[in-house]
Amino acid sequence: QVQLVESGGGLVQGGGSLRLSCAASGRTRSIYAMGWFRQAPGKEREFVARITWTIGATSYADSVKGRFTISRDNAKNTVYLQMNSLKVDDTAVYYCAADAHISGNYRATREYDYWGQGTQVTVSS
C-alpha cells in the first residue's frame, strides 16, 4: 500500500501562486508515476499533470500548460505542483495520485491505484 498526503492548498488572488506538495509513504518503490487531478463543484475529476518517478517525464493538461509545473524529490518521496498565474477557473479540490503500473491512458482516474485526501485551492477574482 501507498499512502499520500497533500498539503499547500489555500486561498489566493487571481494571478497569484501556490505550491502543492504530496508526500508518499509505504511501498513507494512500487510507484511508476505520480499525478495531480482536480475536481471543481459539480464537475468530474480531471487530469492536471503527471510525472514518472524514475525518469521524471512530465505531461500536462492543456488548461494548465505554461502555468503549472510538476516536479518530484525522490529522496523525500514527495511530488510538487507549482501553480502560477492562477485563475478563478483553477478553483477546485486538488488530489494527488500514484500509479503502480504503466498506464494506457494516464489522464484517466481509473489508471491510478492510490489517492490522497485532497486539498482545497480557491482563487478569488
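Note: the structure precedes this text.
All of these numbers come straight from a predicted model, not from anything done at the bench.

### Focus on the pairing of strand β1 (residues 2–7)
- Side chains V2, L4 and E6 project from β1 onto a buried face, and the interleaved Q3, V5 and S7 project onto a face without burial.
- One ladder, built from six bridges, connects β1 with strand β3 (residues 18–26); its direction is antiparallel. Across the sheet, residue S7 finds its bridge partner in β3, namely S21.

### Focus on unusual backbone geometry
- Despite not being glycine, N77 has its phi angle at roughly 50°, a positive value.
- Here N77 lies in the loop between β7 (68–73) and β8 (78–83).
- We classify N77 as partly exposed; its relative accessible area is 21%.
- A positive phi angle, near 50°, is found at S85, a position not held by glycine.
- Mapping S85 onto the fold places it in the loop between β8 and β9 (92–99).
- A relative accessible area of 41% places S85 in the partly exposed class.

Thresholds, definitions, all that
- Residues numbered from 1 in each chain as written.
- Predicted model: local features only at pLDDT ≥ 70, side-chain atom pairs only at ≥ 80, totals over all residues.
- Heavy atoms only, no water.
- Buried < 20%, exposed > 50% of the residue type's maximum accessible area, 1.4 Å probe, protein only.
- Helix = DSSP H or I, 4+ residues; strand = E, 2+ residues; numbered from the N terminus.
- Pairing = 2+ DSSP bridges.

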